[in-house]
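Structure at a glance
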Amino acid sequence: MTMLADFTRSLLASVALSVTLLVAGCSTGVTTPSAASGRLVHFTSLDGSATQLDGYLFRAKSNGQDRQPAIVFLHGCGGLLGRTGAINARELDWAARLNDIGITVLMVDSLGPRHHGEMCAPAHFDPGINRARPHDAYAALEFLQKQAYVQPNRIGVIGWSQGGGAVLNTIRADSRGRPAALPAGDFRAAAAFYPGSCSVAQQGTEWRSAIPLLVLMGEKDVWTPLVPCRALMDARSPTTQVTMRAYPGAYHDFDWPNMRIHEMPAFRTRAGVVPIAGTDEAARADALRLVVGYFAKALQADDQPNAPR
């Protein structure tokens, strides 16, 4: 029964991915980056539970190189797949843009394989899964490092919202998810969009990481607010390289393409805050330029990334 269920889930996910790519390739008068073909892959989380994770691999064109840099995607609290089973438009859009500059993308689904729905509503939040996500990130890193077409020492990580918090917990110096040995190297650079868990209360004082980090937030975000996150980054270790970009007028999910600004009362926080999310075109345009340039330098240049401009 288990093998049949796993096969069925893999088949449905493959169909959903094919439909997603077909729809993503359609244009309504707006020019978008070309989408690479995605492939469903599986690898085991390093959380000790032997969880078989689903990954969606978007390979970039070789550009004449035998090996390519790569980036791991960590989704938000709603999961990687929408209600129809299609990959989120935000992740597809970012994957296409990174593929276009020669960077392969591996999207990690941390919820579906654990048979868990969204973790946005406080009643649905699972702290065990949240703790497991850095282990998922490093499992994805090790999977990519074993691929003959990936440069094993040039892999980055991006996370959104709860996945942004997972980025913080993944790259911090004392990360519980980091394996004792990483012979092919650690993540080379990271970016976190409007990260959850971004406060001194949740991360402790003097947050520290050897991995450069770019943080992007909306000043009007009431779900993952700017002020406590900025306080955490201001209190970071002096040797930790962090660049923050805050966008006036932008809410949560400001980089999600074509999302109307709306309230989400179903996800009201325990403090009574109703989240607001939606696209901010100016912030999105700047983030696209900034993040693509940041990872191009971090993963494709010979030196480590400097603070983006």
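The structure displayed is predicted, hence computed values, not measured ones.

Some details on the pairing of strand β5 (residues 150–160)
Where burial is concerned, most of β5 is hidden: eight out of the eleven residues are buried. Pairing geometry for strand β3 (residues 68–74) and β5, over six bridges, is parallel. Residue pairing in the sheet places Ile71 in a bridge with Gly156 of β5. Here β5 runs beside strand β6 (residues 189–193); their pairing, made up of five bridges, is parallel. What sits directly across from Trp160, in β6, is Phe193.

Some words on the pattern of salt bridges
Evaluated as defined, the whole model comprises eleven salt bridges. Across the salt bridge formed by Arg90 and Asp253, the nearest N and O atoms sit 3.0 Å from each other. Of this pair, Arg90 sits in helix α2 (residues 89–100) while Asp253 sits in the loop between β8 (242–247) and β9 (262–263), and the two are 163 residues apart along the sequence. Asp253 matches Arg90 in its accessibility class, with the two residues each being buried. Here Asp174 and Arg172 are joined by a salt bridge, their closest N and O atoms 2.5 Å apart. A network of salt bridges, in which partner residues are shared, links Asp47, Arg114 and Asp136.

Some details on the state of the cysteines
Counted according to the given criterion, the structure contains two disulfides. With a sulfur-sulfur separation of 2.0 Å, Cys77 is cross-linked through a disulfide to Cys120. Of note, the bridge from Cys77 to Cys120 carries an S-S torsion of about 100° and is right-handed in sense. A residue pair is termed long-range when its members are at least 10 positions apart, and Cys77 in the loop between β3 and α2 and Cys120 in the loop between β4 (104–109) and α3 (127–145) qualify at 43 residues.

Cut-offs and rules
- Residues numbered from 1 in each chain as written.
- Predicted model: local features only at pLDDT ≥ 70, side-chain atom pairs only at ≥ 80, totals over all residues.
- Heavy atoms only, no water.
- Buried < 20%, exposed > 50% of the residue type's maximum accessible area, 1.4 Å probe, protein only.
- Helix = DSSP H or I, 4+ residues; strand = E, 2+ residues; numbered from the N terminus.
- Pairing = 2+ DSSP bridges.
- Salt bridge = Lys/Arg side-chain N within 4 Å of Asp/Glu carboxyl O.
- Disulfide = S-S within 2.5 Å.

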